[in-house]
Amino acid sequence: MVLPGEVPAVMIGVAASIFLCVPETDQMDEVGVALGVVLVLELLARRPFGPAVVAVQAGVVLAAGLYGATSRDSATVGAWFSFWPFALTSLTLLVTHRLGDRVRVDSSRRILIEIVGVAAAIGVARTGAIQPTIGPAVAAVAVAVPVSIALAALVVLARRPTPS
C-alpha cells in the first residue's frame, strides 16, 4: 500500500530532475508549489489520493519538462527519464510479485527503491541530459538503467538485521 505523501514526494524528485536538465525552468516554480500542496494535503488527510490525482501530477510535470526541453533533444531524454523512479519501482514490484512469497517488498524497501530511481534520474539529468547533443543523454540512460536495477535488486535481497 502506498503511503500518504509517497507519490507526491517522488513526483517532487521527478520535477527536481527535470529542473536540473532542461534549459527553460521558469514554469517549474509553479509546478513545485502545486506538488508541495498535494504532498501537504495527502499528509493532512492521512491517505494517498487516487489515480486521477496522480495522473494530473504526472501530466503537469511531464508537460513542464517537455516545454522546458524544447529545442534540446538531450533535455527531452532527461525529462522523459526523470520518471524512471516510477518505472523502476513498478518493475521491481512486478518481478517480486512473480517470485511469490520468497521475496517481499515492504514500504521501507519500496521507498529506498524510489530513492534509487530519483538518484538515477538526477544522475542522468546532470551528466548526459545537460549536454548539447542527444548522444551523451542516451549513454547516461544506458548506464543508469542497469546500475539502478542492480541497486534495486540489492535493496530487495538485502537481509534485515536480526535483533540482538
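Residues numbered from 1 in each chain as written. Predicted model: local features only at pLDDT ≥ 70, side-chain atom pairs only at ≥ 80, totals over all residues. Heavy atoms only, no water.

Focus on the overall build of the chain
Formally: Numbering goes from the N terminus for both helices and strands, where a helix is a DSSP run of H or I of at least four residues and a strand is a run of E of at least two. The classification of residues rests on relative accessible area computed with a 1.4 Å probe and restricted to protein chains. Under 20% of the type maximum is buried, over 50% is exposed, and intermediate values are partly exposed. Contact definition: two residues touch when any of their heavy atoms are within 4.5 Å. We get accessible surface area from the Shrake-Rupley algorithm with a probe of 1.4 Å; when it comes to residues, only the shown protein chains can shield them. For this count, His and the chain ends are skipped, Lys and Arg are scored as positive, and Asp and Glu as negative. Each charge is placed at NZ for Lys, CZ for Arg, CG for Asp and CD for Glu.
Along its length, the chain carries seven helices and zero strands. Reading the secondary structure of the chain in the N-to-C direction produces α-α-α-α-α-α-α. Taking the principal axes of the C-alpha coordinates as reference, the chain spans close to 55 × 40 × 30 Å. Classification of the 164 residues of the chain by burial places 39% in the buried group. For the chain, long-range pairs separated by at least 24 residues make up 80% of all intrachain contacts whose partners lie at least 6 apart in sequence. Total accessible area on the chain stands at roughly 9100 Å², and carbon and sulfur atoms take up 70% of it. The averaged location of the 10 negative side-chain charges in the chain is 15 Å from the averaged location of its 11 positive side-chain charges.

Focus: the packing of aromatic side chains
To keep things clear, this is the line we draw: When two rings of Phe, Tyr or Trp (its six-membered ring) have centres within 6.5 Å they constitute a pair, described as stacked for plane angles under 30 degrees, edge-to-face for angles over 60, and tilted for the intermediate range.
A complete count under the given rule lists one aromatic pair for this structure. For the ring pair phenylalanine 81 and tryptophan 84, a centre distance of 5.5 Å and an interplane angle of 15° mean the geometry is stacked. The same class applies to phenylalanine 81 and to tryptophan 84, which are both buried.

Here we look at the side chain of glutamate 114
We count it as follows: Each salt bridge in this description consists of a side-chain nitrogen of Lys or Arg and a carboxyl oxygen of Asp or Glu lying within 4 Å of one another.
Looking at where glutamate 114 falls in the secondary structure, it is placed in helix 6 (residues 107-126). One buried charged residue, glutamate 114, forms no salt bridge at all, with the nearest opposite charge on arginine 110 at 4.1 Å. Among all residues touching glutamate 114, those that are not within four sequence positions of it are Glu6, Val10, Pro85 and Thr89.

Structural notes on the nonpolar core
Our working definition: Side-chain atoms within 4.5 Å link the members of a nonpolar core, which is a set of buried Ala, Val, Leu, Ile, Met, Phe, Trp, Tyr and Cys residues.
By size, the foremost hydrophobic cluster in this structure holds 36 residues, and its most contacted members are Ile18, Val31, Val61, Phe81, Phe83, Ile113 and Val124. Within the residue set of this core, elements represented by two or more residues are helix 1 (6-19), helix 2 (28-45), helix 3 (51-68), helix 4 (73-81), helix 5 (84-99), helix 6 and helix 7 (134-157). Broken down by element, the residue count for this core peaks at seven residues, all from helix 7. If we ignore the near neighbours within four places in the chain, the residues touching valine 31 are Ala15, Val60, Val61 and Ala64.

As for the confidence of the model for the chain
For clarity, the cut-off: Within a predicted model, pLDDT stands for the predictor's per-residue confidence, ranging from 0 to 100.
With 96% of its residues at a pLDDT of 70 or more, the chain shows a mean pLDDT of 93. The least confident element of the chain, judged by mean pLDDT, is helix 5 at 92; the most confident is helix 1 at 97.

Thoughts on unusual backbone geometry
Even without being a glycine, arginine 46 presents a positive backbone phi close to 60°. Looking at where arginine 46 falls in the secondary structure, it is placed in the loop between helix 2 and helix 3. For arginine 46, a relative accessible area of 72% corresponds to the exposed category.

Examining the packing of helix 5 against helix 6
Heads up, the rule is: Angles run from 0 to 180 degrees between N-to-C directions of axes, and those axes are lines fitted to C-alpha atoms, restricted for helices to the stretch in contact. In these notes the angle categories are as follows: under 35 degrees is roughly parallel, over 145 is roughly antiparallel, 65 to 115 is roughly perpendicular, and the rest is oblique. Here a crossing is taken to be left-handed if its near helix is turned anticlockwise relative to the far helix by less than a right angle, and right-handed if that turn runs clockwise. For this classification, Asp, Glu, Lys and Arg are treated as charged, while Ala, Val, Leu, Ile, Met, Phe, Trp, Tyr, Cys and Pro are nonpolar and the rest, including Gly, are polar.
Running from amino to carboxyl end, helix 5 crosses helix 6 at an angle of 140°, the nearest separation of the two axes being 8 Å. One finds that helix 5 runs oblique with respect to helix 6. The interaxial crossing formed by helix 5 with helix 6 has right-handed handedness. The residues of helix 6 that touch helix 5, namely those facing Trp84, Pro85, Leu88, Thr89, Thr92 and Leu93, are Arg110, Ile113, Glu114, Val116, Gly117, Val118, Ala120 and Ala121. Across the contact of helix 5 with helix 6, the residue classes tally to nine nonpolar, three polar and two charged.

Looking at the environment of glycine 100
Mapping glycine 100 onto the fold places it in the loop between helix 5 and helix 6. Once the C-alpha coordinates of glycine 100 and valine 56 are considered, the two residues, 44 residues apart in sequence, prove to be 32 Å apart.

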